[in-house]
Amino acid sequence: MSTSPPQVQLPDDFFRRAYEIYPSLRAAGGVHEVTFPGGGVAILVTDYKLARQALGEESLRKNPAATTSPEVKQFAELTLPGLAMAERLPWSDPPEHTRLRALVADAFTPRTVAALQPRVQEIAERLLTDLAAAADAPVDLLPAYATPLPVQVICEILGVPTGDHQQFGEWVQTMLLSQNPGQERARASKKFGYYLMEQVRHRRQRADLVSWTPDDPLPADLLGTLIIRCDAAVAADPTTAGLPTADRIAAADHAIATNTTVLLAAGYETTRGLIANSIMLLTPEIRDELTADPDRIDTYVEEVLRILSPGPFATLRYTTAPLLLGQVEIPPGRVVIVGLGAANTDPAVFDDPLRVRLSDRSGPIHLAFGLGMHYCIGARLARLEGQVALRVLLARYPNLCLAAAPADLPWAESILTAAPQHLPVLLTPRV
């Protein structure tokens, strides 16, 4: 017999204390109607098996512009104003999702990502060399290491100028942190969009695109490739093929800018959180084990992804028909949020779930990057950057330690990211 989900008002400090609260939610059934801090009502899934069901449920949709549900539209604007209502990969459904994903898929294949390893290591080495003068004093590795590394990598993939990296990071932080007022976040999103439109226009004027023909290889940068592919898609689309050339270019440029916004934001913020969380969870014992056996770093990164997922919740989904999750029936028009962090620490699936285990865990995979058709397209790149960042850091500073207790670090209060806002570290502690 189906039931209605129990209602829960999540406390104001939920994002900081989420892992303390998840056990009581799972014990009460794993599916609740919750009100998040700052507003936004949703069905929250905290049980691993039900999370897998929801992530693979084809009746759940992601494009908030395609529904009249006030709950869905309000939640979209509260969590990511100005972004979620546009035609973007994380909030699209087939066939649009399939088309949008194909535009950028080449940049994230196993072969392409593996080829980036030397450049990622070079960036990491240089950033740590710049820190050498501060080795005897506490240094905040968030702005000095965990932030600039993924910023430079994703911007180089797209072809964004080096001089714009800092401004880019500021825009992304404003957009993603839910404690920022909605108007401020929407303003940052708009500025970011305008900036990317300018980058697309400038990229079109470079000689290799002006003279490009279908017989030529695709450009090395993703932005150049996106321009060529979006131009072809707009020209082949019956709804835009008959437009004047200037209008077709404008339509293609809009599609490019909206999707590069998400690629830049996701590619930066998820990896930034993964690197920061990997450093924050390093106990002296784990640090020494990883220093003695660097081959275990890959396993450690997977445990960090599971225990403290930098993206703690899957992006918005909503019901289009009645949906049964466990014994709970969810009517159409309801927001469904899958708690990835909660599912990844479900003790019914993972033994001693909050303990880092450097021996390979048996059993189900973690869900930090989602599942199914919406599995994170940048997962390979995030893993690579996290592994390289930690390997280079421990090789250079094998005795590093936190300069503050993890519980004392300020936390990102956001449904979109889970990571400290500062990461003070002693690189060479006094003995």
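Residues numbered from 1 in each chain as written. Predicted model: local features only at pLDDT ≥ 70, side-chain atom pairs only at ≥ 80, totals over all residues. Heavy atoms only, no water.

To continue, consider the nonpolar core. L141, Y145 and L149 are the most contacted members of the largest nonpolar core, which totals 88 residues. Sorting elements by how many residues they give to this core places helix α13 (residues 245-280) first, with 11 residues. L141 has contacts with L131, A146, I279, L393, L423, V425 and L427, leaving out every residue within four places of it along the chain. (Core = buried A, V, L, I, M, F, W, Y, C linked by side-chain atoms within 4.5 Å. Buried < 20%, exposed > 50% of the residue type's maximum accessible area, 1.4 Å probe, protein only. Helix = DSSP H or I, 4+ residues; strand = E, 2+ residues; numbered from the N terminus. Contact = heavy atoms within 4.5 Å.)

Taken together, the buried positions of helix α2 (residues 48-55) are Y48, L50, A51, A54 and L55. Buried residues in α2, looked at end-on, bunch into an arc of 160°, giving them a common side. (Arc of directions from axis to C-beta.)

Further remarks concern the sheet that holds strand β11 (residues 424-426). Strands sit in the order β5-β11-β10 across an open sheet of three strands; the sheet is antiparallel. Either end of the sheet is taken by a strand with one partner, and the two such strands are β5 (139-140) and β10 (401-402). Two elements, β5 and β11, share two bridges in a ladder whose sense is antiparallel. Residue V139 lies in a different strand from β11, and its bridge partner there is V425. (Pairing = 2+ DSSP bridges.)

So, on to the packing of helix α6 (residues 117-130) against helix α8 (residues 148-158). One can describe the packing of α6 onto α8 by two numbers: an axis separation of 10 Å at closest approach and a directional angle of 145°. Regarding α6 and α8, the two cross each other, and that crossing is right-handed. Of α8, the residues touching α6 (which contributes R119, V120, I123, A124, R126 and L127) are P148, L149, Q152, V153 and E156. By residue class, the composition of the contact of α6 with α8 is seven nonpolar, one polar and three charged. (Axes fitted to C-alpha atoms, helices over the stretch in contact; angles between N-to-C directions. Left-handed = near helix turned anticlockwise from the far one by under 90°. Nonpolar A, V, L, I, M, F, W, Y, C, P; charged D, E, K, R; others polar.)

Running from N to C, α8 and helix α17 (residues 379-396) cross one another at 140°; their axes reach a closest spacing of 11 Å. As the angle between them shows, α8 and α17 are arranged oblique. Crossing geometry of α8 relative to α17 is assigned as right-handed. Residues L149, P150, V153, I154 and I157 of α8 form the contact with α17, whose participating residues are L381, E385 and A389. Split into classes, the residues belonging to the contact of α8 with α17 amount to seven nonpolar, no polar and one charged. (Parallel < 35°, antiparallel > 145°, perpendicular 65-115°, else oblique.)

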